[in-house]
Amino acid sequence: MGIDLEGWKARIRTAVDGLRGQLLATSHDIHANPELLFNEHHASARLADELERGGLRVERGVGGLATAFRAEIDGGEPGPTLAILAEYDALPGIGHACGHNIIATSALGAGLALARSGQRFAGRVAIIGTPGEEGGGGKILLAQAGVFDDVDASFMLHPSRSDMVRRSSLASSRVELVFHGKASHAAGAPDLGINALEAVIQTFVGVNARRLQMRADARVHGIITHGGDAVNIIPARASARFSVRARDRAYQRNLITMLRQAAEAGATSTGARLEWKETRGYDNTVPNPTIADVMARNMATIGRMVIDPAPNERMGSTDMGDISQILPAVHAYFAIVPETIANHTVEFATASASPAGDTAVVEGAAALAMTAAELLTEPALIAQAKAEFSRQLAAGEVAGRELWLARGREYTGAGTSE
């Protein structure tokens, strides 16, 4: 099938311009009505309704998640399936301080623009609504349910401080520690007690004793969630929560071992009993070079000058990392704030509905749709992306679906927040 790629991209740009009012109204509506993980009923329904009205075939509640959906454009001939991902959950207390309203409506705009462009092509484009990124691992649950089984490549964009396509993310998991001791009167009979709080304190001391030996990308941060009930009672129960992250899963597992050793030492030194529960977090993102290059070219077309991440790039964690472990994927970033503003802040929430945020919605929709168009027009690009993924798999840089599924069975649950 011969396709005039530049002509298709021009029609996409025209379609996005025509959708501007609709996209910004949707973005502002989602921003003004923040919903927490797996309760994004308003946002999910609005996005699915607009995609359906735009001519896409929509399936709601995919993967057993009530607020997930999958909308498809069929190009008319057999070919690869591309997935553009939408997120739309908010954070407790500060709403869309990660800009998921921008992520959602840029994906919406890409789907609608591709449908409006009227171009026949070989393959399909799916707009997949993925709930619960902020702590629930929605993409993990959808992947486990088979929603990505037919997807050849996937990409999305996230608002940030810089324009990037090769930024990674940190592998993560979360640990709940509960120490069980023995209560006693702290003044009258302290010798009869076992101090669970001291076990927690010794765990923090043990972790801090190892920090000099940790790699620069290590992130082991914790809080005490319960320290006792009264100052004159030896605490019989105390607890803490840790988040453990690193640039790759292998080293993250080393950090988990360090934490467990510190917790066990805290229990041994005090006589307390340790209860350990680790919850699956998110894998590190491994960008696919070919898809990253295609996206960078299309971002440049709309005036976004992509930069490479710094060696000490600030990073969090995202469940898009898990998707990149099982198929070629890119998690791109669009700047909406200066370097002095971090996401998950009130300032970032404000920026997500600002003129800069609105620009990211419109430009992001165009970049996502044009990236899909280029990948669909030139089948060799998908083949190249898959070959690169195979090389990453052979090098142990990505897990592949089977190992990724097996790793998931090691944990008690899914999810940790960015």
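Residues numbered from 1 in each chain as written. Predicted model: local features only at pLDDT ≥ 70, side-chain atom pairs only at ≥ 80, totals over all residues. Heavy atoms only, no water.

Draft legend 1. Here's a closer look at the side chain of Thr 371. Note on placement: Thr 371 falls in helix 10 (residues 355-377). The class for Thr 371 is buried, based on a relative accessible area of 0%. In terms of polar contacts, Thr 371 uses its side chain to reach the backbone carbonyl oxygen of Ala 367, at 2.8 Å. (Helix = DSSP H or I, 4+ residues; strand = E, 2+ residues; numbered from the N terminus. Buried < 20%, exposed > 50% of the residue type's maximum accessible area, 1.4 Å probe, protein only. Polar contact = N/O pair within 3.5 Å; in protein donor to acceptor, adjacent residues only side chain to side chain.)

Draft legend 2. Spatial organisation of helix 5 (residues 196-210). Here helix 5 spans 22 Å end to end across 15 residues, near enough to the 21 Å set by a 1.5 Å rise per residue. Residues Ala 196, Ala 199, Val 200, Thr 203 and Val 207 constitute the buried set of helix 5. One side of helix 5 holds all its buried residues, which, seen down the axis, span an arc of 100°. Of the surrounding secondary structure, the elements contacted by the buried residues of helix 5 are strand 6 (171-180), strand 7 (219-226), strand 8 (237-246) and helix 6 (249-270). (Expected span 1.5 Å × (residues − 1). Arc of directions from axis to C-beta. Contact = heavy atoms within 4.5 Å.)

Draft legend 3. The sheet that holds strand 1 (residues 57-60), seen in detail. Here 6 strands make up an open sheet; going across it, the order is 1-2-4-3-5-10 and the pairing mixed. Edge positions in the sheet fall to strand 1 and strand 10 (329-335), since each has one partner strand and no second. Geometrically, the sheet is characterised by an average inter-axis angle of 20° between neighbouring strands, direction not taken into account. As judged from the 3 bridges shared by strand 3 (residues 76-86) and strand 5 (residues 153-160), these two strands associate in the parallel manner. Counterpart to Ile 84 in the pairing with strand 5 is Phe 155. (Pairing = 2+ DSSP bridges. Axes fitted to C-alpha atoms, helices over the stretch in contact; angles between N-to-C directions.)

Draft legend 4. Local environment of the packing of helix 7 (residues 289-301) against helix 10. At a closest axis distance of 9 Å, the pairing of helix 7 and helix 10 adopts a crossing angle of 130°. One way to sum up the angle between helix 7 and helix 10 is to call them oblique. Like other packed secondary-structure pairs, helix 7 and helix 10 cross with a definite hand, here right-handed. For the pair helix 7 and helix 10, contact is made by Val 294, Met 295, Arg 297, Asn 298, Met 299 and Thr 301 and by Ala 367, Leu 368, Met 370, Thr 371, Glu 374 and Leu 375, respectively. In the contact of helix 7 with helix 10, the residues fall into 7 nonpolar, 3 polar and 2 charged. (Parallel < 35°, antiparallel > 145°, perpendicular 65-115°, else oblique. Left-handed = near helix turned anticlockwise from the far one by under 90°. Nonpolar A, V, L, I, M, F, W, Y, C, P; charged D, E, K, R; others polar.)

Draft legend 5. Layout of the pairing of strand 4 (residues 121-129). Of all 9 residues that make up strand 4, 7 are buried, and the element is covered over most of its length. In this sheet, strand 4 lies alongside strand 3 in parallel orientation, the contact comprising 8 bridges. By the bridge assignment for strand 4, Leu 82 is matched with Val 125. Regarding the hand of the β-α-β motif, the stretch spanning strand 3, helix 3 (residues 100-116) and strand 4 is right-handed. (Right-handed = clockwise from strand over helix to strand, strands pointing away.)

Draft legend 6. Summary view of the pairing of strand 10. Where burial is concerned, most of strand 10 is hidden: 6 out of the 7 residues are buried. Bridging between strand 5 and strand 10 involves 7 bridges; their strand directions are parallel. Residue pairing across strands places Leu 157 opposite Ala 332, the latter belonging to strand 10.

Draft legend 7. Region of the structure containing the confidence of the model for the protein. The pLDDT averaged across the protein works out to 96; a share of 98% of its residues lies at or above 70. This stretch, residues 413-418, has a pLDDT under 50; its non-local contacts, to residues over four places away or in other chains, come to 36 contacts. (pLDDT = per-residue confidence, 0-100.)

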